Amino acid sequence: MLQVFQATDIGRVRATNEDSLAVCAPASYIVADGMGGEAAGEVASRILVETMQAQLAVRSSVDGAALASAMQVANVAILQYAATHPGCQGMGTTATALHIEQDTACWAHVGDSRLYLYRQGQLQQVTRDHSYVEDLVANGTLTPEEARVHPQKNMLTRAVGVAPALKVDTGTFALQTGDMLLLATDGLMKHVTDEDIAALLAQRPEDPAQALVTQALNAGGSDNVTVIVVVKVS
């Protein structure tokens, strides 16, 4: 049995919410953070979520490859839309998707939104950010603390809808009763550290998604923030 919580907020600075999310029956979850001029980011994330929902709805089973395939279809859809709408040229979006089947979780990911696993008091980042600063952290040029305040921290190295060729990361892992899975756009991580996320989840709030969004808003809310929390209760 799963409990699912979701929340999104425009934040305290932005004029529009360019994030999108979806909770798809029976157990698929998507967050997306759009980018582009004016409202183009909102368009890109919406196309991503709607396209993936439609692709997953016609599948008899879902795994990491299916999630990745749906992202590839969304990539084409965003490029096609931008080609016929000049104001949307150059738009794109992150995409982090999760599917749970009994005791197994599979995921697909592009960009710097994230999937976390909280298990027995420990928070683990499952996905790897596709960003310039993450590459610098990986090669030892920056520390994680320096990356958080780097002026180019928002520069993505991979996104959906920006080029015909798209590489999608995928993975699978076993679940345990009590596990909490967190999908979030970077509006959360800009203001809330991994340590603070873990501390909040340890408190088992009534609505952990809204609690995390509220924490990001209280810490500044400089970006849109979107969170899905899935709890495996049995």
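Computed from a predicted structure; not experimentally measured.

### Description of the nonpolar core
- With 31 residues, the main nonpolar core has Ile30, Leu48, Met52, Met71 and Met91 as its most contacted residues.
- Ranked by size, the runner-up nonpolar core spans 23 residues in total, among them Met180, Leu182, Leu212 and Val229.

### Things to note about the environment of Val43
- Its location among the elements puts Val43 in helix H1 (residues 40–57).
- The sequence separation of Val43 and Gly11 amounts to 32 residues, and the corresponding C-alpha distance is 18 Å.
- If we skip the residues at most four places from it in the chain, Val43 touches Tyr81, Cys88 and Met91.

### Side note on the sheet that holds strand E10 (residues 180–184)
- Pairing is antiparallel across the open sheet formed by 5 strands, whose spatial order is E1-E11-E10-E7-E8. A single partner strand is all that each edge strand has here, and the edge strands are strand E1 (2–9) and strand E8 (122–125). Within the sheet, the average angular offset between the axes of one strand and its neighbour, ignoring direction, is 15°.
- Pairing analysis gives 5 bridges linking E10 to strand E11 (residues 225–232), with the strands arranged antiparallel.

### Concerning the packing of helix H6 (residues 194–202) against helix H7 (residues 208–218)
- For the pair H6 and H7, the least separation of the axes is 10 Å and the interaxial angle reads 140°. Considering the angle they form, H6 stands oblique to H7. Both H6 and H7 take part in a crossing whose hand is right-handed. Contacts between H6 and H7 involve Asp196, Ile197, Leu200 and Leu201 on the former and, on the latter, Pro208, Ala211, Leu212 and Gln215.
- When grouped by side-chain class, the residues that make up the contact of H6 with H7 number 6 nonpolar, 1 polar and 1 charged.

### Digging into unusual backbone geometry
- A cis amide bond links Ala25 to the next residue, Pro26, at an omega of 0°.
- Residue placement: Pro26 occurs in the loop between strand E2 (19–24) and strand E3 (28–35).
- For Gln102, which is not a glycine, the phi torsion comes out positive at approximately 55°.
- Relative to the helices and strands, Gln102 resides in the loop between strand E5 (95–101) and strand E6 (104–110).
- By relative accessible area, Gln102 is classed as exposed at 69%.
- Of note, Gln120 is a non-glycine position whose phi angle comes to about 50°, a positive value.
- With respect to the secondary-structure elements, Gln120 resides in the loop between strand E7 (114–119) and E8.

### Looking at the pattern of salt bridges
- All told, the structure shown has 10 salt bridges when counted by the stated rule.
- When the shortest N-O distance is used, the salt bridge between Arg14 and Asp223 registers 3.3 Å. Within this pair, whereas Arg14 is found in the loop between E1 and E2, its partner Asp223 is found in the loop between H7 and E11, the two being separated by 209 residues in sequence.
- On the accessibility criterion, Arg14 (36% relative accessible area) is partly exposed.
- As a salt-bridge pair, Arg128 and Asp135 come within 3.1 Å of each other at their nearest N and O atoms.
- For Arg128, a relative accessible area of 36% gives the class partly exposed.
- We classify Asp135 as partly exposed; its relative accessible area is 30%.
- Taken together, the shared-partner salt bridges in this structure form one network comprising Arg14, Asp186, Lys190 and Asp223.

About the cut-offs
Residues numbered from 1 in each chain as written. Predicted model: local features only at pLDDT ≥ 70, side-chain atom pairs only at ≥ 80, totals over all residues. Heavy atoms only, no water. Core = buried A, V, L, I, M, F, W, Y, C linked by side-chain atoms within 4.5 Å. Buried < 20%, exposed > 50% of the residue type's maximum accessible area, 1.4 Å probe, protein only. Helix = DSSP H or I, 4+ residues; strand = E, 2+ residues; numbered from the N terminus. Contact = heavy atoms within 4.5 Å. Pairing = 2+ DSSP bridges. Axes fitted to C-alpha atoms, helices over the stretch in contact; angles between N-to-C directions. Parallel < 35°, antiparallel > 145°, perpendicular 65-115°, else oblique. Left-handed = near helix turned anticlockwise from the far one by under 90°. Nonpolar A, V, L, I, M, F, W, Y, C, P; charged D, E, K, R; others polar. Salt bridge = Lys/Arg side-chain N within 4 Å of Asp/Glu carboxyl O.

Everything listed here is a matter of coordinates, which is why it stays silent on function.
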